[in-house]
Amino acid sequence: FLAVYLFSSYQLLIIDERVVMTNALLEVKNIYYSVESLSEHILKDMTFSLGTGEFLVLVGSNGSGKSSLIKCINRRNSIASGDISLMGQSIDTYRVADYSHRVVTISQASADNLFQQLTLFENMQIINPSVTRKQFEAYLDQFGYDLVPFIDAPIYQLSGGEKQLCVLAIYLFLRPDILLLDEHTSAMDPKTGDLVMEITHKMVVKYKMACVMATHNIKHAANYGDRLVAIKDGEIYQDIQNHREKVSRHEILELCY
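Residues numbered from 1 in each chain as written. Predicted model: local features only at pLDDT ≥ 70, side-chain atom pairs only at ≥ 80, totals over all residues. Heavy atoms only, no water.

## Structural notes on the pattern of salt bridges
Alright, step 1. Summed over the entire model, instances satisfying the criterion amount to seven salt bridges.
Alright, step 2. Between Arg227 and Asp239 there is a salt bridge whose closest N-O contact spans 2.8 Å. Highlighted residues: Arg227 in strand S9 (residues 227-232) and Asp239 in strand S10 (residues 235-241), separated in sequence by twelve residues.
Alright, step 3. Residue Arg227 is classed as buried on the basis of its relative accessible area of 5%.
Alright, step 4. Look at Asp239 and you get partly exposed, because its relative accessible area is 37%.
Alright, step 5. Taken together, the shared-partner salt bridges in this structure form one network comprising Glu54, Arg227 and Asp239. (Salt bridge = Lys/Arg side-chain N within 4 Å of Asp/Glu carboxyl O. Helix = DSSP H or I, 4+ residues; strand = E, 2+ residues; numbered from the N terminus. Buried < 20%, exposed > 50% of the residue type's maximum accessible area, 1.4 Å probe, protein only.)

Structure follows, in C-alpha cells:
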C-alpha cells in the first residue's frame, strides 16, 4: 500500500483527469470474487451503488465478505467477474496515482498507511510533497484533535489512537472521493475508538466525501452513516436506508450474528 503512494507521488503530472457523468459515484455490478484455496465464491453477485457524500456502513460476521469487498473496491483483490466503476469509468482503467488519491483505505493497523520511523510531517510529505509545514499545521489546527505537538514525533512513539488520528489527518488531506474504513477502530479501547470514530465522522461530513465503513462495533454501526448494508455468506442480506431511524442496536446485532 505504501509502495503505491510512493510511486504515485512521482506520477501526479500524468494523472488521467477523464470524468464520465453518472448518477452514482461508485457502482458495484454483479461482482464475484474467489480464491483458489476455496471452492465457494467469497463474494457472490454483489451489486450496489454509492452516491456522492453517502456514508454506507457494512456489517456482518467474520468471513461474511466485508473486508474482501473493500479490497475489491480499492483494487487489492481482482474480481472474477462483474465490474466496479468510479464516476462511470471502470476502476481498472484508472492509473495507479489517480485511483490511489481518489479512493483511500484506512485499516485497523496504522503500519498499513504510515512509516513508523518517520515523523507525522515526513509521512505527509511522502503522500503530498508539495505541502508546506505552515499549510499542514494550519490544517491540523482545524482537524478536531490537537495533533500539532506530534508533527515532529516519530509515529512509533504515539499511542494507538494517536497513530490512527495521524492516518486520518494525512489521508483526508488528499480529499479523496471515497474513504474506505476497514475496522479502523477495532484495535483500540472503547473510549479511544469512540473518539476516533467521532472525528472520522466529523471530517467525512465536513469534506462531503463518500464513505464505506466495515465494522463489528454495533454502537458505531447504529450511530453513524446514512445506510446499513448487512452481508451474509458473500451476499447482501439487507440494505437499509436511514437505518439510524429504523433499526435498533439489537436488530443490528441480529443482522450481524
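## Notes on the sheet that holds strand S5 (residues 89-90)
Alright, step 1. A sheet is described by the order of its strands in space; here four strands give the open sequence S2-S1-S4-S5, paired in antiparallel fashion. Strands with a single pairing partner mark the edges of an open sheet, and in this sheet they are strand S2 (43-50) and S5.
Alright, step 2. Along the sheet, helix H2 (residues 66-73) contacts strand S1 (26-33), S2 and strand S4 (81-86); its crossing angle with S2, the most-contacted strand, is approximately 65°. (Pairing = 2+ DSSP bridges. Contact = heavy atoms within 4.5 Å. Axes fitted to C-alpha atoms, helices over the stretch in contact; angles between N-to-C directions.)

## A word on helix H5 (residues 133-141)
For the α-helix, the turn length of 3.6 residues means that residues three or four positions removed from each other point alike.
Alright, step 1. Here H5 has its buried residues at Phe136, Tyr139 and Leu140. The buried residues of H5 occupy one face: seen down the axis, they fall within an arc of 100°. For H5, the exposed residues lying more than 90 degrees away from the buried face are Lys134 and Asp141.
Alright, step 2. In this structure, the buried residues of H5 make contact with helix H4 (120-127), helix H6 (160-172) and helix H7 (190-206). (Arc of directions from axis to C-beta.)

## Topic: the packing of H4 against H6
Alright, step 1. Running from N to C, H4 and H6 point in directions that differ by 30°, and their axes come no closer than 10 Å. With respect to the hand of their crossing, H4 and H6 are arranged in right-handed fashion. Contact residues: H4 offers Leu120, Asn123, Met124 and Ile127, while H6 offers Cys166, Ile170 and Tyr171.
Alright, step 2. Tallied by class, the residues present in the contact of H4 with H6 amount to six nonpolar, one polar and no charged. (Left-handed = near helix turned anticlockwise from the far one by under 90°. Nonpolar A, V, L, I, M, F, W, Y, C, P; charged D, E, K, R; others polar.)

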